[in-house]
Amino acid sequence: MDLFRYQPLSSSEARFRVLSLLPGNDSDPIHCKLSEESVEGSVNQYEALSYLWGNPKQTEIITIDDCKLGVTANVLSALQHLRLKDQTRRLWIDAICINQDDMVERGRQVQVMEMIYRNAQMVVIWLGLGERKVNESSLGLSDDEATGSEGGEDAFTLASRAEASEGDSSDLMIHLFDTARSGWADLCQIFLHDYWKRTWIIQELALAAKAVVMRGEATCTWSALSKLQRLVRNNRIFIDLYRSEFFVFTDPMNVISNALPASIDSILSPRGHEKSTGLLELLQRFRSSQATNPRDKVYGMLGLAEEAFKEDLKVDYSKGVAEIYADVTRSFITHSRNVNFLADCFYRPEEFPDAPSWVPNWTAKLPPKYVSLHELSIRAPFNAPGSLEMVVSIDGNSLLVSGVIVAPIVDLAGVEDLARPNGLDGHVYSDAVSKKHGIDNNDYWIIQAVNRNMDGSLYSKKEPGMKREGRDPTMLDRAPNMMGEFRAPNGRRFFGTDIHVCGLAPVETEIGDLVCVIFGCQVPIVLRKVGERYKILGESYLHGFMDGEIESKMKDGRLHPETFRLC
């Protein structure tokens, strides 16, 4: 039998290939046909698969048009479970329907992938065969609770019951905990699956008119799984109280409530359709998602981005990663009234040697448990420049921006000082840097580094040591348990300035680096002067300079605007 050879797709219109999976019994070999069709003319006439590719070096043989084609073991398993016994099933599977060896075709197909997933009758989320990989004992479950008694419920059963439920959500959660504890470990296994780490699934699921989750022979709807996750997120405090008797060590509720589906739901409109979302917001929100090809960190988001970005950024796999990321940054400058992308830059020249420091590296390895200031303030954003709008231009590989130098950094705490598990045990405040600059426990400044209540509202701006409006300071002691681990210090260093103002800066910061407010950027940026130019080290928190305070200091002559040439 000959090897399968792809025929080039017509370039006259948006074209794609559809796989016809021929009927058969469980033990039969996989036989398929592949046909070229119009994307616009095939609405609701096929299903699209969303899945993990699997190890490309371990391939299995299927037959397409009487020729052999190698596919990964996971793709073969999906085909075996999707195949019907008595009728053909029409599918779109990128590993088969796109000639992966043709870079030009790949680029063109990625350009129309938004239409492919939008037009599919249904998206099938394939999670494999569901082998148990979670150590239930680490979740604090007894053996009986982990394995379940006869008739115990699995994750899909829990999700289906949640979808069918009405009325008070706390009553439902009590019922689920009382009757179906065995399902929680299984639910954690679902949300710990490597599938959720993929960049591409964000677009695939957000665009789906309908989606079903499939694990082996078992299925449940995507809407059911999403609803159960929302119930967990919305009842966290209730769950913390009710579950304490059987969740002892690791927190499986964090696993469930923080899993990717919630983030995907957040970019959907109330009717369930995707909103036109800014590309920067997408790249920020899903920065931890993974892509084998770093170009796909951008290309995998284009289908959800605003039209202006889709027009600017044509898919081209022949371009280098640094060139693509620089194109994205120029597009931000063209279509946005801010330079907030500067907060996403990290000074890691060894990871991104071909790009200037003002181009964010969307594949940068962030410090463990790192949370950006954007994430920490998403419901009540920082606004360091106040009403001062960006002044920006590009000169070759340099970016010219306007702003002010607030202060040079004159003292730095060691990285290890902020690395202990409990960020509120007092060790930060007793550091020599904090003592020198007059910071003590009564200021609670490290909590104000996030500067937000748990509900996202602003703290009162009363003086340190005074009781804040609407919040008892004694609640601060309970914050780590109620919010999860307090993570603002992770990946940052505590610093002091020559004006005796303190803050948090990137770990790469050195004495002599400058804390600046760039007009049009929500948070202060740490810059390092190199000759007559500056390199970006990353975002920073500067106590007392996060909400437009520089405007009054510029009016009274204490701060002066200048132009920074970023390289």
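This report concerns the structure included in the present document. (Residues numbered from 1 in each chain as written. Predicted model: local features only at pLDDT ≥ 70, side-chain atom pairs only at ≥ 80, totals over all residues. Heavy atoms only, no water.)

## Describing the pairing of strand β11 (residues 398–412)
Selection criterion: Any residue under 20% of the maximum accessible area for its type is buried, any over 50% is exposed, and the rest in between are partly exposed; the area is computed with a 1.4 Å probe on protein chains only. Working definition: helices are DSSP H or I runs of at least four residues, strands are E runs of at least two. Numbering for both runs from the N terminus. Strands qualify as paired when DSSP identifies two bridges or more between them.
The buried count for β11 comes to 12 of 15 residues, which makes it a mostly enclosed element. In this sheet, β11 lies alongside strand β10 (residues 392–395) in antiparallel orientation, the contact comprising four bridges. When the bridges of β11 are listed, Val-392 appears paired with Val-401. In textbook terms, the turn of a hairpin is the stretch between consecutive antiparallel strands, and for β10 and β11 this stretch comprises two residues, one of which, Gly-396, has a positive phi near 65°. Across five bridges, the pairing between β11 and strand β18 (residues 562–566) is antiparallel. Bridge assignment links Ser-402 to a residue of β18, and that residue is Thr-563. For β11 and strand β14 (residues 514–518), the ladder comprises five bridges, and the chain directions are antiparallel. For Ala-407, the partnering residue across the bridge sits in β14 and is Val-515. As paired strands, β11 and strand β12 (residues 492–497) are joined by three bridges and run antiparallel to one another. Of the residues in β12, the one forming a bridge with Asp-411 is Gly-496.

## With respect to the nonpolar core
Soluble, globular proteins show a tendency: their nonpolar side chains are buried together. Selection rule: We define the nonpolar core as a collection of buried residues of types Ala, Val, Leu, Ile, Met, Phe, Trp, Tyr and Cys that are connected through side-chain atoms lying within 4.5 Å of one another.
In terms of nonpolar packing, the biggest core is built from 124 residues, with Leu-79, Ile-96, Leu-279, Leu-342, Ile-518 and Leu-566 touching the most fellow members. Looking at which element gives the most residues to this core, the answer is helix α17 (residues 321–335), with eight residues.

## Looking at the layout of surface pockets
Threshold: Cavity means a closed set of points on a 1 Å grid over the protein atoms alone, one where a 1.4 Å probe fits but cannot get out, pocket means an open set with protein on both sides within 12 Å along at least 5 of 7 lines, and lining means a residue has an atom within 4 Å of a point. Grid points are joined across faces, edges and corners, and a volume is the space filled by probe spheres set on the points. For this classification, Asp, Glu, Lys and Arg are treated as charged, while Ala, Val, Leu, Ile, Met, Phe, Trp, Tyr, Cys and Pro are nonpolar and the rest, including Gly, are polar.
In this structure, the second largest pocket encloses a volume near 1000 Å³. As for the second largest pocket, its lining consists of 32 residues, of which Trp-53, Asp-94, Ala-95, Gln-100 and Thr-292 are closest to the centre. Those elements that place two or more of their residues in the lining of the second largest pocket are β5 (67–72), α2 (94–97), α3 (103–111) and α9 (200–206). At four residues, the largest contribution of residues to the lining of the second largest pocket is made by β5. Its residues assigned to classes, the lining of the second largest pocket comprises 14 nonpolar, 10 polar and eight charged.

## A look at the side chain of Arg-83
For clarity, the threshold we go by: Positive charges are assigned to Lys and Arg, negative charges to Asp and Glu, while His and the chain termini are left out of the count. Only one rule defines a salt bridge in this text: a Lys or Arg side-chain nitrogen within 4 Å of an Asp or Glu carboxyl oxygen. Counting of polar contacts relies on pairs of N or O atoms within 3.5 Å, with two restrictions inside protein: one atom must be capable of donating a hydrogen and the other of accepting it, and residues adjacent in sequence are counted only when both atoms are side-chain atoms. By the convention used here, residues are in contact when the closest approach between their heavy atoms is within 4.5 Å.
By the secondary structure assignment, Arg-83 is in the loop between α1 (73–82) and β6 (89–92). No salt bridge is formed by the buried Arg-83. Its closest oppositely charged neighbour is Asp-28, at 5.2 Å. A distance of 3.5 Å separates a polar atom in the side chain of Arg-83 from the backbone oxygen of Asp-26. Polar side-chain contacts of Arg-83 include one of 2.9 Å to the backbone oxygen of Pro-29. If we skip the residues at most four places from it in the chain, Arg-83 touches Leu-21, Leu-22, Pro-23, Gly-24, Asn-25, Asp-26, Asp-28, Pro-29 and Ile-30.

## Topic: the packing of aromatic side chains
Note the following rule: Stacked, edge-to-face and tilted labels apply to pairs of Phe, Tyr and Trp rings (six-membered ring for Trp) whose centres lie within 6.5 Å, assigned for plane angles under 30 degrees, over 60, and everything in between, in that order. Two conditions define a charge sitting above a ring: the NZ of Lys or the CZ of Arg must be within 6 Å of the ring centre, and it must be within 35 degrees of the ring normal.
Counted by the stated rule, this structure contains 12 aromatic pairs. With a centroid separation of 6.0 Å and 70° between ring planes, the pair formed by Phe-309 and Phe-332 is classed as edge-to-face. Of the two residues, Phe-309 is situated in helix α16 (residues 307–312) and Phe-332 in helix α17; the sequence distance between them amounts to 23 residues. Comparing Phe-309 with Phe-332 shows no difference in burial state: the two are buried. Consider the rings of Tyr-534 and Phe-564, whose centres lie 5.1 Å apart with planes at 80°: the pair is edge-to-face. Separated by 30 residues along the polypeptide, Tyr-534 in strand β16 (residues 533–539) and Phe-564 in strand β18 bring together distant segments of the chain. Here Tyr-534 falls in the buried class, since its relative accessible area comes to 6%. Taken together through their ring pairs, the aromatic side chains of Phe-191, Tyr-195, Trp-196 and Trp-222 make up a single cluster. Between Arg-106 and the ring centre of Tyr-317, over which it is positioned, the NZ or CZ distance is 4.6 Å. Lying across the ring of Phe-156, Arg-215 places its NZ or CZ 5.3 Å from the centre.

## Section: the pairing of strand β9 (residues 218–221)
Pairing of strand β8 (residues 211–215) with β9 involves four bridges; the strand directions are antiparallel. What sits directly across from Met-214, in β9, is Thr-219. In this structure, the hairpin formed by β8 and β9 is closed by a connection of two residues, where Gly-216 is found at a positive phi of approximately 60°.

## Remarks on the sheet that holds strand β4 (residues 59–64)
As a reminder, the rule being used: Throughout, an axis means a line fitted to C-alpha atoms (over the contacting stretch in the case of helices), and angles, computed between N-to-C directions, take values from 0 to 180 degrees.
Read across the open sheet, the nine strands follow the order β5-β4-β2-β1-β6-β3-β7-β8-β9; overall the sheet is mixed. Two strands lie at the open edges of the sheet, namely β5 and β9, each paired on one side alone. If you compare each strand with its neighbour and ignore which way they point, the axes differ by 40° on average. With respect to the sheet, α1 is in contact with β1 (15–21), β3 (47–50), β4, β5, β6, β7 (122–126) and β8, its orientation differing from that of β5 by roughly 105°.

## Quick look at the environment of Gly-512
Relative to the helices and strands, Gly-512 is located in the loop between β13 (502–506) and β14. For Gly-512 and Arg-528, which are 16 residues apart along the polypeptide, the C-alpha to C-alpha distance reads 7.8 Å.

## Structural notes on the pattern of salt bridges
Considering all chains together, one arrives at 21 salt bridges under this definition. Of the charged contacts, one joins Glu-114 and Lys-310 as a salt bridge, the two residues approaching to 3.1 Å between their closest N and O atoms. Pair noted here: Glu-114 is in helix α4 (residues 113–119) and Lys-310 is in helix α16, with a separation of 196 residues, a long-range link. Exposure class is identical for Glu-114 and Lys-310. Each is buried. One salt bridge connects Asp-344 with Arg-287, and the closest N-O pair in it is separated by 3.5 Å. Of this pair, Asp-344 sits in the loop between α17 and α18 (373–376) while Arg-287 is found in the loop between α14 (279–285) and α15 (296–299), placing the two residues 57 residues apart along the sequence. Of the two residues, Asp-344 and Arg-287, both sit in the buried class. Three or more residues joined by partner-sharing salt bridges are found here, namely Glu-114, Arg-118, Glu-307 and Lys-310.

The quantities given are spatial measurements derived from coordinates; they are silent on function.
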